[in-house]
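# Coordinates in review
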Number of protein chains: 2
Amino acid sequence: MPRNKESNQKVKDERKEQILSVALMLFATKGLAATRITDISAKTDISQGLIYHYFSSKEEIFVSLIRSAMNKMNEAARNLERLPIPAKEKIILAATELLKGIVKNESTSQYYFLITQAALSDAIPLEAKEIIKSQNDVKYEIITRIFQEGQKDGVVKDHDAREMTTFFFTTINGLALNKAIYGKKFKMPDKNIFLNMFLK
Amino acid sequence: MPRNKESNQKVKDERKEQILSVALMLFATKGLAATRITDISAKTDISQGLIYHYFSSKEEIFVSLIRSAMNKMNEAARNLERLPIPAKEKIILAATELLKGIVKNESTSQYYFLITQAALSDAIPLEAKEIIKSQNDVKYEIITRIFQEGQKDGVVKDHDAREMTTFFFTTINGLALNKAIYGKKFKMPDKNIFLNMFLK
DNA sequence: TTTTGCATTGAATAAATGTTCAACCAATAA
DNA sequence: TTATTGGTTGAACATTTATTCAATGCAAAA
């Protein structure tokens, strides 16, 4: 008999994790098409063959990353909405955490680029585009609701809530891409400038 | 003797223009690596061979597009600075024109994506990266100066001018990408929300 | 120690794609 | 009409790269 089930599963999970983590970095810095399986193989020290033991194709790796990116973002948005604090606090918290995430956690900016790439590019698996299409609105709707709540409280500006949401996410997205471009050189600007768009 | 010089030059310019225009669209929607010479060939109805008569490689086409994108943007920024109007008006004008450009002229959003791609990706000709490195700051510095002038006039908020500039361009960039993703479905939000970040 | 099941390897395969090049054609001057 | 120049073609070539697969290694059970 070979290794026991759990131990095998552990190895499998670790390998998958390694592959996904390196692939995220590569897809974000080179793009899907320009990332070679050999690149992933070299950076993970996992043979090409083994990568195909865990994922059926390069595209499946990409789709898997998109799926987890969307899940993480939506999960965070849902948690935010549930918090027992006023709308204004939620908005400040969201801005603070998102900007912090961009500065600290490299994978945050990388996820943003991955999603931008997937949404934008024709050369991306259909499945990835569908995941985004069906899930992207979730966080938009949540933030829009929070803005509307804040307007009732009289603390959020009286612009169209959905339009403010567009600015909210496009700006965050723009910052994340800027961070991805400039790396450590990027200096995050003061979040209060950003909050001026929304808060009275 | 063949066609005369001018007539030939005209044909050449037209062909180059065709190639560049189609390549811009393809690079912006698929990325450099995923765009095939055959794609450009098919969409322009120009044979593959002829493309190599005008450009020495796929990458040269890309570099050429990056160069003209940077030139256009910097030129616009320089013209803005020269206008004989108060700083506040310049800021409003810049925002108005940039947003209008994103909504109307498809190539504007496409240029933004091209530059983001080039700045971000490792799989991009070095020359393109160097053009961006050396030229990207130009427009940042111009807008920063205009913000500072506006602060002297007492019409621009007292945040760090350079940080406001970061928000200015990251937001524009984010909007342009959003437009590129959603195309005609994209609804441009009210520019006054945006201007709240900067104007008193 | 031997067997077994599964992870793992990397060379082989097949397909795709950037680039080249010899031949072709079209317009004009002679 | 003919010769010439230079735009134009597309098949051929060389290279790259995703994917497969037969063989190997290894940990645990018998």
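See the structure above.
The paragraphs below set out a description of the structure included in this document. (Residues numbered from 1 in each chain as written. Chains lettered and ligands numbered in written order. Predicted model: local features only at pLDDT ≥ 70, side-chain atom pairs only at ≥ 80, totals over all residues. Heavy atoms only, no water.)

### Description of the relation of the copies chain A and chain B
The two copies are related by a screw motion: chain A maps onto chain B through a turn of 180° and a shift of 0.0 Å along the axis, at an RMSD of 0.0 Å. Seen this way, the second copy is the image of the first under a two-fold rotation axis. (Least-squares fit on C-alpha atoms with pLDDT ≥ 70 in both.)

### A short note on the side chain of Lys-157 of chain B
Relative to the assigned elements, Lys-157 of chain B resides in the loop between helix H7 (126–153) and helix H8 (161–182). Reaching out from Lys-157 of chain B, the side chain makes a polar contact with the backbone oxygen of Asn-196 of chain B at a distance of 2.7 Å. Look past the residues within four positions of Lys-157 of chain B in its chain and what remains in contact with it is Asn-196 of chain A together with Gln-151, Met-164, Asn-196, Met-197, Phe-198, Leu-199 and Lys-200 of chain B. (Helix = DSSP H or I, 4+ residues; strand = E, 2+ residues; numbered from the N terminus. Polar contact = N/O pair within 3.5 Å; in protein donor to acceptor, adjacent residues only side chain to side chain. Contact = heavy atoms within 4.5 Å.)

### Observations regarding the pattern of salt bridges
Evaluation of the coordinates by the stated rule reveals 16 salt bridges over all chains. Of the charged contacts in the structure, one is a salt bridge between Glu-81 of chain A and Arg-145 of chain A, with a shortest N-O distance of 2.7 Å. Of this pair, Glu-81 of chain A sits in helix H4 (residues 58–82) while Arg-145 of chain A sits in helix H7 (residues 126–153); the two residues are 64 residues apart in sequence, bridging distant segments of the chain. The class for Glu-81 of chain A is partly exposed, based on a relative accessible area of 26%. One salt bridge in this structure joins Glu-127 of chain B and Arg-67 of chain B, with 2.9 Å as the shortest N-O distance. Pair noted here: Glu-127 of chain B is in helix H7 and Arg-67 of chain B is in helix H4 (residues 58–82), with a separation of 60 residues, a long-range link. (Salt bridge = Lys/Arg side-chain N within 4 Å of Asp/Glu carboxyl O. Buried < 20%, exposed > 50% of the residue type's maximum accessible area, 1.4 Å probe, protein only.)

### What about the interface of chain A and chain B?
Taken together, the contacts link 38 residues of chain A with 38 residues of chain B. Among the residues chain A hides against chain B, the three largest losses belong to Leu-120, Phe-167 and Ile-193 of chain A. Together they make up 20% of the total. For the pair chain A and chain B, the interface holds two salt bridges. Where Lys-187 of chain A meets Glu-163 of chain B, a salt bridge forms, and the shortest distance between an N and an O atom there is 2.8 Å. Elements with a contribution of two residues or more to the side of chain A that touches chain B: helix H1 (5–30), helix H6 (106–120), H7, helix H8 (161–182) and helix H9 (191–195) of chain A. In terms of residues, the side of chain A that touches chain B owes the most to one element, H8 of chain A, which gives 13 residues. (Buried area = accessible area lost by both parts, 1.4 Å probe.)

### Overview of unusual backbone geometry
All names here are of chain A. Notably, Asp-45 is not glycine yet its phi reads approximately 60°, a positive angle. If you trace the backbone, Asp-45 turns up in the loop between helix H2 (37–44) and helix H3 (48–54). Among the residues examined, Asp-45 registers a relative accessible area of 73% and is labelled exposed.

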